Amino acid sequence: MQISLDGRTALVTGSTQGIGAAIAAGLAGAGARVGVNGRDADRTEEAVARLRREVPGGELFSAPGDLATDEGLAEVLDRLPQTDILVNSLGVFGAREALEIDDAEWRRYFEVNVLTAVRLIRAHLPSMKERGWGRVLNIASDSAVAVPAEMIHYAVSKTALLSVSRGFAKEAAGSGVTVNSVIAGPTHTGSVEEFVRGLVGDDLPWEEAQRVFMREYRPQSLIQRLIEPEEIAHLVVYLSSPLASATTGGALRVDGGYVDSILP
């Protein structure tokens, strides 16, 4: 199967590290011109330089801006007013006792994890429809359907993102534009390492700490390990390609079998 995104432009939000960076690298490796987004301009430029080393010949550029603010959104849209592929990867997460989550924290999670995606879809979908081609991908989580007790605010925001994807897929019906969610399972990133350490402590070597975390907090996983970011990126690259033209309105899992369901 040959995937070519030559001539396509992509924006990947929250892509200076972790899953977003892996997606940016994957899209660039398939030939797309990729805008890398982060809140800080200097860190975004550093990420672009690193990704260019990882993807020799890849066309990547900096698109910094805090998308949770009007000013940051305007900055990103000024740099990238039109795109063929929009990947909403930006998100915040963390463990918190359910009764300790205050209104401000609930609002922050909804603002960053949901409304940033809505704003960018609203900005880019009309021109995609006019051109008759486009891909919108929202990076959701297994937490959207298997709610962990220690982070229900995160789970609720990701559940909302599934509805955002389905609803905008209906808005794009018949236009040649597809809109999908990618349900990512427990993934090995720097922030997840910190999250794991917060739950199981700092005494164990990382490989053992990871196994303890999966056994005690994510026992449903069928692969019994954390997913690597590149494994998420592989599905995103496929869904961004012409090969996925009949896949829209879906919530597709790359979760290591974590969600106990026979449906995608």
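The structure reproduced in this document is the subject of the present report. As the structure is a computational prediction, the values presented were derived from the model and not from experiment. In every chain, residue numbers begin from 1 and rise along the written sequence. Per-residue local features of the predicted model are confined to residues with pLDDT of at least 70, and side-chain atom pairs are confined, for both listing and counting, to 80 or more; whole-chain, interface and lining totals are unaffected and use all residues. By convention in this description, side-chain values take in all heavy atoms of the structure and omit both hydrogens and water.

**Topic: the environment of Val 114**
Secondary structure elements follow DSSP: runs of H or I no shorter than four residues count as helices, runs of E no shorter than two count as strands, and numbering proceeds from the N terminus. For Val 114, the position within the fold is in helix 4 (residues 103–131). Type-normalised accessible area, obtained with a 1.4 Å probe on protein chains alone, sets the label of each residue: buried when under 20%, exposed when over 50%, and partly exposed for intermediate values. Residue classification places Val 114 among the buried residues on the basis of a relative accessible area of 2%. When the C-alpha positions of Val 114 and His 124 are compared, they lie 16 Å apart, and in sequence the two are 10 residues distant.

**Brief notes about the pattern of salt bridges**
Here, a salt bridge means any side-chain nitrogen of Lys or Arg that lies within 4 Å of a carboxyl oxygen of Asp or Glu. Inspection of the entire model under this criterion finds 11 salt bridges. Among the ionic pairs, Glu 231 bridges to Arg 225, the shortest N-O distance being 3.0 Å. Overall, the relative accessible area of 28% leaves Glu 231 in the partly exposed class. Through salt bridges with shared partners, a single network forms among Arg 8, Asp 84 and Arg 131.

**Remarks on the side chain of Asn 113**
Note that Asn 113 resides in helix 4. From its side chain, Asn 113 meets the backbone nitrogen of Val 92 in a polar contact 2.8 Å long. Residues in contact with Asn 113, not counting those within four places in the same chain, are Leu 90, Gly 91, Val 92, Tyr 154, Ser 157, Lys 158 and Leu 161. The term polar contact refers here to a pair of N or O atoms within 3.5 Å; inside protein, the definition further demands a hydrogen-donor-capable atom paired with an acceptor-capable atom, and it admits residues adjacent in sequence only when both atoms are side-chain atoms. Any two residues having at least one pair of non-hydrogen atoms within 4.5 Å are treated as being in contact.

**Details of the pairing of strand 3 (residues 59–62)**
A strand pair is defined by DSSP finding two or more bridges across the two strands. In this structure, strand 2 (residues 33–36) lies alongside strand 3, joined through 4 bridges in parallel fashion. For Arg 33, the partnering residue across the bridge sits in strand 3 and is Glu 59.

**Let's talk about the sheet that holds strand 5 (residues 134–141)**
Taken together, 7 strands build an open sheet; the order of strands is 3-2-1-4-5-6-7 and the sheet is parallel. Where the open sheet ends on each side, the last strands, each with one partner, are strand 3 and strand 7 (251–254). Averaged over all pairs of adjacent strands, the angle between strand axes in this sheet comes to 20 degrees, irrespective of strand direction. Fitted lines through C-alpha atoms serve as axes, helices being fitted only where they are in contact, and the angles separating the N-to-C directions of these axes extend from 0 to 180 degrees. Relative to the sheet, helix 2 (residues 41–54) contacts strand 2 and strand 3, its axis offset from that of strand 3 by approximately 170 degrees.

**Details of the nonpolar core**
Soluble globular proteins tend to bury their nonpolar side chains together. We call a set of buried Ala, Val, Leu, Ile, Met, Phe, Trp, Tyr and Cys residues a nonpolar core when their side-chain atoms join them within 4.5 Å. Within the largest apolar cluster, 37 residues are counted, with the highest numbers of intra-cluster contacts made by Ile 23, Leu 27, Val 34, Leu 60, Val 87 and Val 182. At 8 residues, helix 1 (residues 18–29) tops the list of elements feeding residues into this core. Setting aside chain neighbours within four positions, we find Leu 60 in contact with Ala 24, Ala 28, Val 34, Val 36, Val 48, Leu 51 and Arg 52. Formed by 22 residues, the second largest nonpolar core is a distinct cluster that contains Leu 11, Leu 120, Ile 121 and Val 177.

**Observations concerning helix 7 (residues 206–217)**
Multiplying 1.5 Å by the residue count of a helix minus one yields the expected span of that helix. For helix 7, spanning 12 residues, the distance from its first C-alpha to its last is 16 Å, which sits close to the expected 16 Å at 1.5 Å a residue. The complete set of buried residues in helix 7 reads Trp 206, Ala 209, Gln 210, Val 212, Phe 213 and Met 214. The elements touched by buried residues of helix 7 are helix 6 (190–200).

**A closer look at the packing of aromatic side chains**
The geometry of an aromatic ring pair is captured by the separation of the ring centres together with the interplanar angle, meaning the angle of the planes. Note on aromatic contacts: the rings of Phe and Tyr and the six-membered ring of Trp form a pair at centre separations within 6.5 Å, being stacked when their planes are under 30 degrees apart, edge-to-face when over 60 apart, and tilted otherwise. Evaluation of the coordinates by the stated rule reveals 4 aromatic pairs. With 5.9 Å between their ring centres and 55 degrees between their planes, Phe 93 and Tyr 154 make a pair best called tilted. Taken together, the residues Phe 93 in the loop between strand 4 (85–88) and helix 4 and Tyr 154 in helix 5 (residues 152–171) connect sequence positions 61 residues apart. Judged by its relative accessible area of 12%, Tyr 154 is buried. When the centroid spacing of 5.8 Å and the interplanar angle of 20 degrees are considered together, the rings of Phe 213 and Tyr 217 count as stacked. Pair noted here: Phe 213 and Tyr 217 are both in helix 7, with a separation of 4 residues, about one helical turn. On the basis of relative accessible area, Tyr 217 is assigned to the partly exposed category, the value being 28%. An aromatic cluster is defined as three or more aromatic residues linked by ring pairs; in this entry it consists of Phe 93, Tyr 154, Phe 195, Phe 213 and Tyr 217. In this scheme, Lys NZ or Arg CZ marks a charge over a ring once it lies within 6 Å of the ring centre and within 35 degrees of the ring normal. The ring of Trp 133 has Arg 8 sitting right over it, with the charged end atom 3.7 Å from the ring centre. For the cation-ring pair, Arg 33 lies above Phe 61, with the distance from its terminal atom to the ring centre recorded as 4.2 Å.

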